[in-house]
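Descriptive structure summary
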Amino acid sequence: SVQSSIRIGGPALRRDDPRFAALQLANLLYGGYFSGRLIQNIREDKGYTYSPRSKIEHGAAGSTLVVEADVATDFTAPALLEMWYELGRLSTLRPTDEELDNARQYASGTLAMSIATQAGLANTLSTLIGDGLDLGWLREHPGRLTNVTAQDIYDMGVHKLAPKLLAAVVIGDAA
């Protein structure tokens, strides 16, 4: 195979958990949007992959953090090392005020955009209702994002995103 598919994952918080906003922002800071640390490291700085990302998936049985990167086989080990490194940084270093503000603005902006049309609002509400949430959650979430502190991000790094709490799978050429 010319590429390796790297996946790192573990349990995440559901949307109704009071700490979810902190996890959402921690995930964005890690690799959930283009300015995230993972993207800057293994895409922009090192060129290991074109589209690394992390996301929180919500299912009926629970929520999961998923980190994804497809890399050239020769870059598998270095890319995996950097993925773990950036997770470790979240569990050892608090984000800067600028990093946190940027992630907060992105999260609030994408939420606003998701409900800017009737179809978007219907999709967002049907997803929330599927999670047992209602319009109240949607109204209150921007405030929850605003209240997240750098300490909250650090706590998420320690208690949810620390490398020792996650598992990795690599599919590719074993040689």
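Quick look at the structure, then. (Residues numbered from 1 in each chain as written. Predicted model: local features only at pLDDT ≥ 70, side-chain atom pairs only at ≥ 80, totals over all residues. Heavy atoms only, no water.)

1. Section: helix α3 (residues 76-90)
With 15 residues, α3 should cover 21 Å at 1.5 Å per step; its first-to-last C-alpha distance of 22 Å lies within 8% of that length. Listed as buried for α3 are Thr76, Ala79, Leu80, Glu82, Met83, Glu86, Leu87, Gly88 and Leu90. The elements touched by buried residues of α3 are β1 (3-12), α1 (20-32), α2 (37-45), β3 (62-72), α7 (150-159) and β4 (167-171). (Helix = DSSP H or I, 4+ residues; strand = E, 2+ residues; numbered from the N terminus. Expected span 1.5 Å × (residues − 1). Buried < 20%, exposed > 50% of the residue type's maximum accessible area, 1.4 Å probe, protein only. Contact = heavy atoms within 4.5 Å.)

2. A short note on the layout of surface pockets
Approximately 580 Å³ is the volume attributed to the largest pocket. Lining the largest pocket are 21 residues, with Arg15, Phe20, Gln24, Ile56 and Thr110 sitting closest to its centre. Where the lining of the largest pocket is concerned, the elements lending two or more residues are α1, β2 (53-59), α4 (97-114), α5 (118-130) and α6 (135-147). Taken together, the residues that form the lining of the largest pocket break down as eight nonpolar, eleven polar and two charged. (1 Å grid on protein atoms, 1.4 Å probe; cavity = no way out; pocket = protein on both sides within 12 Å on 5 of 7 lines; lining within 4 Å. Points joined across faces, edges and corners; volume = space filled by probe spheres on them. Nonpolar A, V, L, I, M, F, W, Y, C, P; charged D, E, K, R; others polar.)

3. Focus on the packing of aromatic side chains
The full count for this structure, using the stated rule, is two aromatic pairs. Directly above the ring of Tyr50 sits Arg43, whose terminal nitrogen or CZ lies 4.2 Å from the centroid. Positioned above the aromatic ring of Tyr154 is the side chain of Arg94, whose terminal nitrogen or guanidinium carbon lies 4.1 Å from the ring centre. (Phe/Tyr/Trp six-rings, centres within 6.5 Å; stacked < 30°, edge-to-face > 60°. Lys NZ or Arg CZ within 6 Å of the ring centre and 35° of its normal.)

4. Some thoughts on the pattern of salt bridges
Applying the stated criterion to the full structure yields 13 salt bridges. The partner of Asp131 in a salt bridge is Arg15, with the nearest N and O atoms 2.2 Å apart. Note that Asp131 is positioned in the loop between α5 and α6 and Arg15 in the loop between β1 and α1, a separation of 116 residues in sequence. Given the relative accessible area of 17%, Arg15 is considered buried. The residue Lys55 makes a salt bridge to Glu68 at a minimum N-O spacing of 3.3 Å. (Salt bridge = Lys/Arg side-chain N within 4 Å of Asp/Glu carboxyl O.)

5. Remarks on the packing of α1 against α3
Two quantities define a packed helix pair, namely the angle between the axes and the distance from one axis to the other. Taken N-terminus to C-terminus, the directions of α1 and α3 make an angle of 145 degrees; their axes are 10 Å apart at the nearest point. The element α1 and its partner α3 pack so that their crossing is right-handed. Contacts from Ala26, Leu29 and Tyr30 of α1 reach α3 at Met83, Glu86, Leu87 and Leu90. A breakdown of the residues in the contact of α1 with α3 according to their chemical character gives six nonpolar, no polar and one charged. (Axes fitted to C-alpha atoms, helices over the stretch in contact; angles between N-to-C directions. Left-handed = near helix turned anticlockwise from the far one by under 90°.)

6. Side note on the sheet that holds β4
Pairing within the open sheet is antiparallel, and its four strands lie in the order β2-β3-β1-β4. With partners counted over all chains shown, the strands left at the sheet margins are β2 and β4, one partner each. Direction aside, the axes of adjacent strands within the sheet are offset by 25 degrees on average. Direction of pairing for β1 relative to β3: antiparallel, over a ladder of ten bridges. By the bridge assignment for β3, Pro11 is matched with Thr64. Along the sheet, α1 makes contact with β1, β2 and β3, crossing β2 at roughly 145 degrees. (Pairing = 2+ DSSP bridges.)

7. With respect to the pairing of β2
In the sheet, β2 pairs with β3 via seven bridges, with the strands oriented antiparallel. Bridge pairing links Ser54 to Val67 in β3.

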